[in-house]
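# Survey of secondary and tertiary structure
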Amino acid sequence: MATADEIIDRRRLRRKLSFWRIATFIVLAIALLSLIVFSARDTLFSGAQNEHIAKVKITGVITNDQPMLNLLEKLKDNEKVSAVILNISSPGGSTVGGEAMFEAVRNLADKKPVVSTVGTLAASAGYMIASGTDHIVARRSSIVGSIGVLFQYADASELLDKIGVKVNAVKSSPLKAEPSPFNPASDEAIAMIDRVIQDSYDWFVDIVKDRRDMTRTEVLKLADGSIFTGSQSKENGLIDDIGGEAKAREWLEKEKEINAELKVIEYKPKRPGDGLFSNPAALQKIAEIFGIDLSRTDAAQLEETIRNRLLLDGLVSIWQGSR
């Protein structure tokens, strides 16, 4: 049977455990509240409820990005958005992704002015998207162009021969699943792929012709896969002006009568898995609560690393610089 001292000690221990449980609950509650506040800060306190200019960054490899398409659709119907600035820095990506984004930009431009600013580069599918806007602004040293379509496949047949592996296939027809990495491509397979590429290439050329008000001959001179600097692109008609966001806003004011005093608010697409922990400010705040020194830059890099994905399929419109 427990003594009086043992009973007292047990009661003290229970009180200490209760205290730490309550303290832990309070800390977690504060952390959760902080995350909610900081995650919602951009929309609650950004001024998005007033008339403004929306800015959307399109960076990295272009994919068939449904969250981005959804965002452009919402901006089209947002009465508080007077104009949209697309900040593009992309080497291109899947042709399907570029097509979907181009169509979304054109639908958006039917409702309100859309201007694009080119950062490091807008090549291949990246330029396809830029050409969908009403006005293209690029830096003098930006890379623009690489108009064309690419189809790549591996031929590992020699390697398989060396290691003594033979891959057999039973097919309904000779061109099924061709070209294959297990054997050299036949002339018929290469001709088939060439027809596919040429069809998409002609479509890409027509987009540039229509959007840049050029003749087909003029576009074909530029559509050999070449890249150009921003200043060269201004001369050959692929872009409209040299500069950055200030130049884009200047055009919006002068040509579209958009109030120069309007605030520019950045929008980001909501992606699966995004939530409280996808906001760099929230990540930084929660780290501070638990005594972790995480700078704003580190938090942003962490969020960017988690968010970015490289998912490509089908034909590719992408500029591949030399390695």
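To keep things clear, this report deals only with the structure shown in the data block. Just so it is clear, the model here is predicted, and its values are computed rather than measured. (Residues numbered from 1 in each chain as written. Predicted model: local features only at pLDDT ≥ 70, side-chain atom pairs only at ≥ 80, totals over all residues. Heavy atoms only, no water.)

### Describing the side chain of Ser124
- Its location among the elements puts Ser124 in the loop between strand E3 (114–123) and helix H4 (125–131).
- A polar contact of 2.9 Å, which involves the side chain of Ser124, links it to the backbone oxygen of Ser146. (Helix = DSSP H or I, 4+ residues; strand = E, 2+ residues; numbered from the N terminus. Polar contact = N/O pair within 3.5 Å; in protein donor to acceptor, adjacent residues only side chain to side chain.)

### Brief notes about a nonpolar patch on the surface
- Taken together, the side chains of Leu159, Ile163, Val165, Val167 and Phe182 define a hydrophobic patch exposed on the protein surface, amounting to about 450 Å² of accessible area.
- Secondary-structure assignment places Val167 in the loop between helix H5 (157–163) and helix H6 (187–211). (Patch = residues over 30% accessible without salt bridge, like charges linked within 9 Å, V, L, I, M, F, W, Y side chains within 5 Å. Areas by Shrake-Rupley, 256 points an atom, 1.4 Å probe, with all protein chains shown as cover. Salt bridge = Lys/Arg side-chain N within 4 Å of Asp/Glu carboxyl O.)

### As for the packing of helix H2 (residues 66–77) against helix H3 (residues 95–109)
- Contact pair H2 / H3: the axes reach a minimum separation of 9 Å and the direction vectors enclose 5°. By the angle between their axes, H2 is roughly parallel relative to H3. Contacts between H2 and H3 involve Met68, Leu69, Leu72, Leu75 and Lys76 from the former and Ala100, Met101, Ala104, Val105, Asn107 and Leu108 from the latter.
- Looking at the contact of H2 with H3 residue by residue, the classes come out as 9 nonpolar, 1 polar and 1 charged. (Axes fitted to C-alpha atoms, helices over the stretch in contact; angles between N-to-C directions. Parallel < 35°, antiparallel > 145°, perpendicular 65-115°, else oblique. Contact = heavy atoms within 4.5 Å. Nonpolar A, V, L, I, M, F, W, Y, C, P; charged D, E, K, R; others polar.)

### Describing unusual backbone geometry
- Across the junction of Glu178 and Pro179, the peptide omega takes the value 0°, indicating a cis bond.
- Considering the arrangement of structural elements, one finds Pro179 in the loop between H5 and H6.
- The phi angle at Ala177 is positive, at roughly 60°, despite the residue not being glycine.
- Its relative accessible area of 60% is what places Ala177 among the exposed residues.
- The backbone phi angle of Asp213 is positive, close to 55°, even though this residue is not glycine.
- Counting through the fold element by element, Asp213 comes out in the loop between H6 and helix H7 (216–222).
- With a relative accessible area of 71%, Asp213 lands in the exposed category. (Buried < 20%, exposed > 50% of the residue type's maximum accessible area, 1.4 Å probe, protein only.)

### Here we look at the packing of H3 against H6
- Viewed as axis vectors pointing N to C, H3 and H6 meet at an angle of 25°, and their least axial separation amounts to 12 Å. Between H3 and H6, the angle is such that the two are roughly parallel. Two packed elements cross with a definite hand, and for H3 against H6 that hand is left-handed. On H6, the residues touching Thr95, Glu99, Phe102 and Arg106 of H3 are Trp203, Ile207 and Arg211.
- Tallied by class, residues from the contact of H3 with H6 come to 3 nonpolar, 1 polar and 3 charged. (Left-handed = near helix turned anticlockwise from the far one by under 90°.)

### Topic: the nonpolar core
- Among the nonpolar cores identified, the biggest contains 50 residues, and Leu75, Leu86 and Leu238 are the most heavily contacted of them.
- Counting residues per element, this core draws most heavily on H6, at 8 residues.
- What Leu75 contacts, discounting residues up to four positions off in sequence, is Ala54, Val56, Val81, Val84, Leu108, Lys112 and Tyr267.
- Core analysis: the second largest hydrophobic core is formed by 10 residues, Ala83, Trp251, Leu252 and Ile258 among them. (Core = buried A, V, L, I, M, F, W, Y, C linked by side-chain atoms within 4.5 Å.)

In short, the description is geometric, and any link to function would need to be established separately.
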